[in-house]
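Reading the structure
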Amino acid sequence: MSGCKHVASVRSVTPRTLGCEECLEIGQEWVHLRLCRECGHVGCCDQSIGKHATAHFHATRHPIIEGYDPPEGWGWCYLDEIMVELPDQTPQRGPIPHYY
Ligand SMILES: [Zn+2]
Ligand SMILES: [Zn+2]
Ligand SMILES: [Zn+2]
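A few points on the structure. Note that this is a predicted model, so its numbers are computed, not measured.

As for the coordination of the zinc ion (ligand 2)
Only Cys20 (SG), Cys23 (SG), Cys44 (SG) and His52 (ND1) from the protein reach the zinc ion (ligand 2) as donors, at distances of 2.0 to 2.3 Å. Taken together, the four donor atoms surrounding the zinc ion (ligand 2) define angles of 105 to 118° at the centre, an arrangement classified as tetrahedral. Binding-site remark: the zinc ion (ligand 2) is held by donors from one chain whose sequence spacing is C-x2-C-x20-C-x7-H. Of the two residues, Cys20 is situated in the segment before helix 1 (21-26) and His52 in helix 2 (residues 52-60); the sequence distance between them amounts to 32 residues. No difference in accessibility class separates Cys20 from His52, as the two residues are buried.

This is the structure in structure tokens:
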């Protein structure tokens, strides 16, 4: 893999919430979850109504997310817009709440 320098700074994080933090607050559904590898924020993907993972990136500029629902292990850099290889995979805190 090449091109992304940000992946070198990812941390081992503890997911802050079991599902999308913002969706859980307002009782909204999501499709898939994304985990921020900078701070442990859990947000929903761009197919979800809330797009909270992307919103979190725009708010914080934390560049690297991990596919988290189910744990998929792949990484994505918002700044380089490429898939990146993560050093490890975050274990799910589960069970992940679902509305459907
Ligand atoms: Zn990058
Ligand atoms: Zn959400
Ligand atoms: Zn973050």
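After that view of the structure, there is still more to cover.
Looking at the coordination of the zinc ion (ligand 3)
Within the protein, the zinc ion (ligand 3) binds to Cys36 (SG), Cys39 (SG), His56 (NE2) and His62 (ND1); these donor distances fall in the range 2.0 to 2.3 Å. Taken together, the four donor atoms coordinating the zinc ion (ligand 3) and their angles of 104 to 113° define a geometry best described as tetrahedral. Mapping the donors of the zinc ion (ligand 3) onto the primary sequence yields the spacing C-x2-C-x16-H-x5-H. Here the residue Cys39 occupies a position in the loop between strand 1 (33-36) and strand 2 (42-44), and His62 occupies one in the loop between helix 2 and strand 3 (64-68), the gap between them amounting to 23 residues.

Conventions and cut-offs
- Every chain is numbered on its own, with residues counted from 1 as its sequence reads.
- Labels follow written order: the first chain is A, the first ligand is 1, and so on.
- Since the coordinates come from a predicted model, pLDDT governs what is reported: local features require at least 70, and pairs of side-chain atoms require 80 or more to be given and counted, while whole-chain, interface and lining totals use all residues.
- Each side-chain value is worked out from all heavy atoms of the structure, with water and hydrogens disregarded.
- Each metal site lists N, O and S donors within 2.8 Å (3.2 Å for Na, K and Ca). With water left out of the atoms, a site can look as if it is missing ligands.
- Only two sets of limits are used to name each site, 85 to 135 degrees for every angle of a tetrahedral four-donor site, and over 155 degrees for opposite donors with all other angles from 65 to 115 for a square planar four-donor or octahedral six-donor site, with any other site named irregular.
- Helix and strand assignments follow DSSP, with helices taken as H or I runs no shorter than four residues and strands as E runs no shorter than two, numbered in order from the N terminus.
- Exposure is judged per residue with a 1.4 Å probe applied to protein chains only, and the accessible area is read against the type maximum: over 50% gives exposed, under 20% gives buried, and values in between give partly exposed.

None of the figures reported here should be taken as evidence of function without further support.
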